[in-house]
Structure formats: structure tokens, C-alpha cells
Amino acid sequence: MKKTLLTCTIIALSVMTASSTYADVKKSATKFTIESPRFKEGDKIKPAHFWNQFGCSGDNVRPQLNWSGAPEDTKSFAITYYDKDAPTGSGFWHWVAYDIPVGTSRIIPTKVPKGTIEANTDIGKPGFFAPCPPSGRVHTYTFTLHAMSTDKLNVPEGASGAISRFFIENNTIAKTKISATAGPRK
């Protein structure tokens, strides 16, 4: 009896491992990636991409973002821009955008694709708010691109950024990231 149970367990684990490995290979057949012609992973953000507030004198320019390799079942995209090092205890959300149409493969600096909704940020307003790292500190800023399981998120109008991100996270089927640093500002 023990030998039969052990054999069944080994067979079940082998099947589970094989299935898991097959699913991982199938999932990674096309790599979901995001990049920017303005910076590479880990680069420093140029001052033109800083905000023009709180002692920074940038142009508040959003960098172009390009992506490819989204899963076949993607129905839309969402993008977040986050500073994990902000001295708030919970970081700082600089941009939250969703309902980006499925055929989109880039965001340009001057506008978002038709139908895209820009949610409230940690400033309490929608839109893109570039970084302005505090004097003497380096911060890491991350763009995360989400492949969504739905074409519309139906976030309540005027919702906080946290509520928008809740809807995004609960409908994400895949995500990819690119990070850059800014600072220290003198």
C-alpha cells in the first residue's frame, strides 16, 4: 500500500512538474518587454524629464515608451509610473493610465492613445507628473506596463489612484517593467 501511494505521488509530481514546465515555456515563447529610446534599464533620467516644481526645473516631459510581445489574450494595456523611494512610507505614484487600446505598441511624449484614461496620481490629479527627486538623494522610478484581461476597466469616475491600481492589478495577465534613477539633485 505504501509503495503504491509513493508511486502515485511520484507520478503526480512528475506530471505537475512537466505541466508547469510546459506552461512556463509556452508562456515565455514571446517575451513581453517595454523599452524607451530616452533611457535604458538603470540609466539616469535626464533633467528635461523632471517636473517643474519643488525646486526642479524640468519640462515635465513623459519619455516615449515602446513595447512588444504581449500575450495573445491581451484586451488592453495599463501603465503606472512609481517612485519606490519617495519619503511617504508608501512610495509615490506619478502616473496611472489604463484602457490603452490593445493595438497600441507605444506611448509618445505629447499625447496618449485615443480612449486612454489617465487616473488620479498621488498629487490627487490625473495626468503625468515627472519626478523631482529631493536634494542629495537618488530615487528609482519604474514604468510598469500591464497586459489586461479586459478592454475597459470601468473604474468609478474620480476614483483615487489606489482604487484605479486595484482594478489594474485585479485584471493584469502579464506585466513588464523598466526602471531609471534620478538624483541626487544639488
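Please read these numbers as outputs of a predicted model, since none were measured by experiment.

A. Local environment of the pattern of salt bridges. In total, this model carries 3 salt bridges according to the counting rule given. Across the pair glutamate 118 and arginine 62 runs a salt bridge whose closest N-O atoms are separated by 3.8 Å. Of this pair, glutamate 118 sits in strand S6 (residues 117-118) while arginine 62 sits in the loop between strand S1 (33-35) and strand S2 (65-68); the two residues are 56 residues apart in sequence, bridging distant segments of the chain. In this structure glutamate 118 comes out as partly exposed when scored by relative accessible area, which is 27%. For arginine 62, a relative accessible area of 7% corresponds to the buried category.

B. View of the sheet that holds strand S8 (residues 172-182). With respect to topology, 5 strands assemble into an open sheet ordered S6-S4-S3-S7-S8, the strand pairing being antiparallel. With partners counted over all chains shown, the strands left at the sheet margins are S6 and S8, one partner each. By the bridge criterion, 8 bridges tie strand S3 (residues 76-83) to strand S7 (residues 139-148) in an arrangement that is antiparallel. Bridging from a neighbouring strand, threonine 80 pairs with threonine 144 of S7. Across the face of the sheet, helix H2 (residues 161-170) comes into contact with S3, strand S4 (92-101), S7 and S8 while running at roughly 50° to S4.

What counts as what
- Residues numbered from 1 in each chain as written.
- Predicted model: local features only at pLDDT ≥ 70, side-chain atom pairs only at ≥ 80, totals over all residues.
- Heavy atoms only, no water.
- Salt bridge = Lys/Arg side-chain N within 4 Å of Asp/Glu carboxyl O.
- Helix = DSSP H or I, 4+ residues; strand = E, 2+ residues; numbered from the N terminus.
- Buried < 20%, exposed > 50% of the residue type's maximum accessible area, 1.4 Å probe, protein only.
- Pairing = 2+ DSSP bridges.
- Contact = heavy atoms within 4.5 Å.
- Axes fitted to C-alpha atoms, helices over the stretch in contact; angles between N-to-C directions.

In short, geometric facts, not functional conclusions.
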